Amino acid sequence: MNSDISFPSHRENRFYQGRAATFVANALQAVNFLGDRFLRQSHHSLSAIEDLYRHSMDSAFSVTEAFLVTGAPHASAYYPRDFAWFYPDVLDPETIMDAQDAVRRARLLEKSVRLLLEAVRADVVTTTIVPAGRGRYLGVNYFSRPSDTLLGILAGLQQMLSAEERASSYLAMSQCAHAGRLLLAEYGGDLKRAILKLASELEPFEADGARYLLCDASGPRSAATDTRAERRRFVTNACVYTTFVWGVQLGVVDENELKRRLGRDLGQYKQDLLCLFGKDGYIRHSLDGPAGTPASLVALDFVSVHRGFWDMSDASERALFAATTDLIIAEPRFRIPSTFHFLVSADNPRNKMIHKIAAPAYQGRSSWPTFNVEFADRMLDYDEFAGSETYRAYAQGILKDIRTATEVHGGYQELISESGLKYRTWAYKGAVAHSWFPRFLSVWRRAFGTPLLRWTD
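Residues numbered from 1 in each chain as written. Predicted model: local features only at pLDDT ≥ 70, side-chain atom pairs only at ≥ 80, totals over all residues. Heavy atoms only, no water.

Engineer: Any chance you could explain the overall build of the protein here in plain terms?
Structural biologist: For the protein, the helix and strand inventory stands at 14 helices and 9 strands. Computed over its C-alpha atoms, the radius of gyration of the protein comes to 21 Å, within 12% of the 23 Å expected for a compact globule of 457 residues. In terms of principal-axis extent, the alpha carbons of the protein reach across some 60 × 50 × 45 Å. Across the 457 residues of the protein, 59% fall into the buried class. As presented, the protein carries roughly 18000 Å² of accessible surface, and 51% of it is formed by carbon and sulfur atoms. Across the protein, the centroid of the 53 positively charged side chains sits 5 Å from that of the 53 negatively charged ones. (Helix = DSSP H or I, 4+ residues; strand = E, 2+ residues; numbered from the N terminus. Rg over C-alpha atoms; globule rule 2.2 N^0.38 Å. Buried < 20%, exposed > 50% of the residue type's maximum accessible area, 1.4 Å probe, protein only. Areas by Shrake-Rupley, 256 points an atom, 1.4 Å probe, with all protein chains shown as cover. Lys, Arg positive; Asp, Glu negative; His and termini not counted. Charge placed at Lys NZ, Arg CZ, Asp CG, Glu CD.)

This is the structure:
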């Protein structure tokens, strides 16, 4: 493959949503899960981390791929949120193996982000886009409307635009940044319209004599752990705040226009969320859940996304982060025994019937390696701003155990079970999350000061 990269013009794509689209999308996804259940072959027997990584990158960024996805059974559908939660370091030069790898990554990222922007232009802002053949795509929401779809699209754009800012000899990086600028110019108006619509959907919420704005005051909104189907969650509202901030930073929307919509500036909006969800001295996962011990009221997804809600510049914000982190570290129910693998929550969330077949405990008593990596990264953020070494050892422990699990299981897992094994249910045999691997390497470099793997082009 040539080290140069060209971005072909896109063909006309059509997007559909509604009851009929949802029915067809559900049928296609059922076929995908059944196919995975009965047809998935056992993975290769590689065990060296370098070999596993090379195999993963060749799979994740294959020239045959149409969209950047994980290796999960539901990966035939496209999830916009993943570019914020799971793929923020696709273009980190230290994770790129060679020039060909750089070209593949840049091309696939551009194709993916363009498709998502086309969906926004068609006013299809959903949690999931299911390809239905011949340039046809079905937009569907599983469980609830999204809070982080626009965030993911902005994250993909942000990654493209910043590609040439990193020290790199790969020509594909500057070309990807140029493609990002073209996409922003072409679809910026559509993004602005969608972001302002999201702002107009916020609902008033009264508590302790004060009036707040929530995206999910009366009904659930989804985020990366959406199958809890809970209202008034911290993570969903943190995603919305971050969407507004990134929209302003990219020049998509004017901050004063958002201020008029919200009735307050973004700084006050964030402080309101911290006050509401952190009134007990730690960040509560949801205001809608039953009473319980502090450890049962927090969840690992509070870490939000890379360069997201937490900037750690304020001492009171750092105190809330530290208190919530300490609760998770101190509670044995949050950890796979004898490891630094942290589970999403201390208690199993309520399950619907489909979860008992496809993914029980998917959002509760299981470990998401990607959330653990972000937990480690936020710990390092805290130490950096606090001028301390409070959490570095914990961050390093998390990353070491993820490396061990990757080598033991033969790849970077999407999920690890409560007992530390491959996550398996009847319809979910356990997936290797190829595309999440680069983020792990990026945070490893930050935590240890040296790269885990070195590549020579």
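Engineer: Explanation requested: the environment of Asp347 in the structure shown.
Structural biologist: By secondary structure assignment, the location of Asp347 is in the loop between α10 (315-330) and α11 (353-357). Residues Asp347 and Arg333 lie 14 residues apart in sequence; the distance between their C-alpha atoms is 7.8 Å. Setting aside residues no more than four positions away along its own chain, Asp347 makes contact with Ser296, Arg333 and Arg365. Separated by 2.9 Å, the side chains of Asp347 and Arg333 make a polar contact. (Contact = heavy atoms within 4.5 Å. Polar contact = N/O pair within 3.5 Å; in protein donor to acceptor, adjacent residues only side chain to side chain.)

Engineer: Hey, could you run me through the side chain of Thr406 in this one?
Structural biologist: As for its position among the elements, Thr406 is in helix α13 (residues 392-409). Taking the relative accessible area as the measure of exposure, Thr406 reaches 2% and is therefore buried. Among the polar contacts listed, one links the side chain of Thr406 to the backbone oxygen of Ile402, at a separation of 2.8 Å. Dropping the residues within four chain positions of it, Thr406 is found in contact with Ile49, Leu52, Gly411, Tyr412 and Phe437.

Engineer: Please clarify how the confidence of the model for the protein should be interpreted in this entry.
Structural biologist: Detailed conclusions should not be drawn from predicted coordinates in areas where pLDDT is low. Across the protein, pLDDT averages 90, with 92% of residues at or above 70. Per-residue pLDDT stays below 50 along residues 1-9; that stretch engages in 25 contacts with residues further than four places along the chain or on separate chains. (pLDDT = per-residue confidence, 0-100.)

Engineer: Help me out: how do you make sense of a nonpolar patch on the surface in this one?
Structural biologist: On the surface, Leu34, Phe38, Leu39 and Trp426 cluster together to form a nonpolar patch covering roughly 470 Å² of accessible area. Structurally, Phe38 is set in helix α1 (residues 19-39). Phe38 gets classed as exposed once you look at its relative accessible area, which sits at 54%. (Patch = residues over 30% accessible without salt bridge, like charges linked within 9 Å, V, L, I, M, F, W, Y side chains within 5 Å. Salt bridge = Lys/Arg side-chain N within 4 Å of Asp/Glu carboxyl O.)

Engineer: Can you walk me through the packing of helix α7 (residues 234-249) against helix α9 (residues 266-277) in this structure?
Structural biologist: In helix packing, the relevant descriptors are the interaxial angle and the interaxial distance, both defined with respect to the helix axes. The geometry of α7 relative to α9 is characterised by a closest axis approach of 11 Å and an angle of 165 degrees between their N-to-C directions. The pairing of α7 with α9 is recorded here as roughly antiparallel in orientation. The way α7 lies across α9 gives a crossing that is left-handed. Note on element contacts: α9 touches α7 through Leu266, Tyr269, Lys270, Leu273 and Phe277, opposite Phe234, Asn237, Val240, Tyr241, Phe244, Val245 and Val248. Its residues assigned to classes, the contact of α7 with α9 comprises 10 nonpolar, 1 polar and 1 charged. (Axes fitted to C-alpha atoms, helices over the stretch in contact; angles between N-to-C directions. Parallel < 35°, antiparallel > 145°, perpendicular 65-115°, else oblique. Left-handed = near helix turned anticlockwise from the far one by under 90°. Nonpolar A, V, L, I, M, F, W, Y, C, P; charged D, E, K, R; others polar.)

Engineer: Sorry if this is basic, but what is going on with α1 here?
Structural biologist: Every α-helical turn comprises 3.6 residues, leaving residues that sit three or four positions apart pointing alike. Between its terminal C-alpha atoms α1 stretches 30 Å, which fits the 30 Å expected from 21 residues at 1.5 Å a residue. Residues Ala21, Ala25, Gln29, Phe33 and Asp36 constitute the buried set of α1. Summarising the axial view, the buried residues of α1 lie within an arc of 100 degrees, below the 170-degree limit, and thus occupy one face. What points out from α1, more than 90 degrees from its buried face, is the exposed set Arg19, Ala20, Phe23, Val31, Phe38 and Leu39. Elements in contact with the buried residues of α1: β1 (14-16), β2 (128-131) and β3 (136-140). (Expected span 1.5 Å × (residues − 1). Arc of directions from axis to C-beta.)

Engineer: Mind showing me how you'd approach the sheet that holds β3 here?
Structural biologist: Neighbouring strands of a sheet are bound in pairs by backbone hydrogen bonds; such pairs are parallel or else antiparallel. One open sheet holds the 3 strands; their spatial order is β1-β3-β2, and the pairing between them is mixed. Whereas interior strands pair on both sides, the edge strands pair on one side only; in this sheet they are β1 and β2. Recorded for the sheet is a direction-independent mean angle of 30 degrees between the axes of neighbouring strands. Most of the contacts of helix α4 (residues 99-121) go to β1, to which it runs at about 60 degrees, and overall it touches β1, β2 and β3. (Pairing = 2+ DSSP bridges.)

Engineer: It is not clear to me how α7 should be interpreted in this structure. Could you clarify?
Structural biologist: Taking 1.5 Å of rise per residue, 16 residues should cover 22 Å, and α7 covers 22 Å from first to last C-alpha, within 8% of that figure. When you tally the buried positions in α7, you get 14 out of 16 residues, the bulk of the element. Taken from the residues just after α7, Gly251 is the one with a positive phi, measuring 75 degrees.

Engineer: Would you explain the pairing of strand β5 (residues 203-207) in this entry?
Structural biologist: The side chains of a regular strand alternate between the sheet's two faces. Two strands pair when backbone bridges link them, and β5 and strand β6 (residues 210-214) are joined in this way by 5 bridges, in the antiparallel orientation. Each bridged residue has a counterpart across the sheet, and for Pro204 the counterpart in β6 is Leu213. In this antiparallel pair of consecutive strands, β5 and β6, the connection spans 2 residues, and Asp208 shows a positive phi of 55 degrees.

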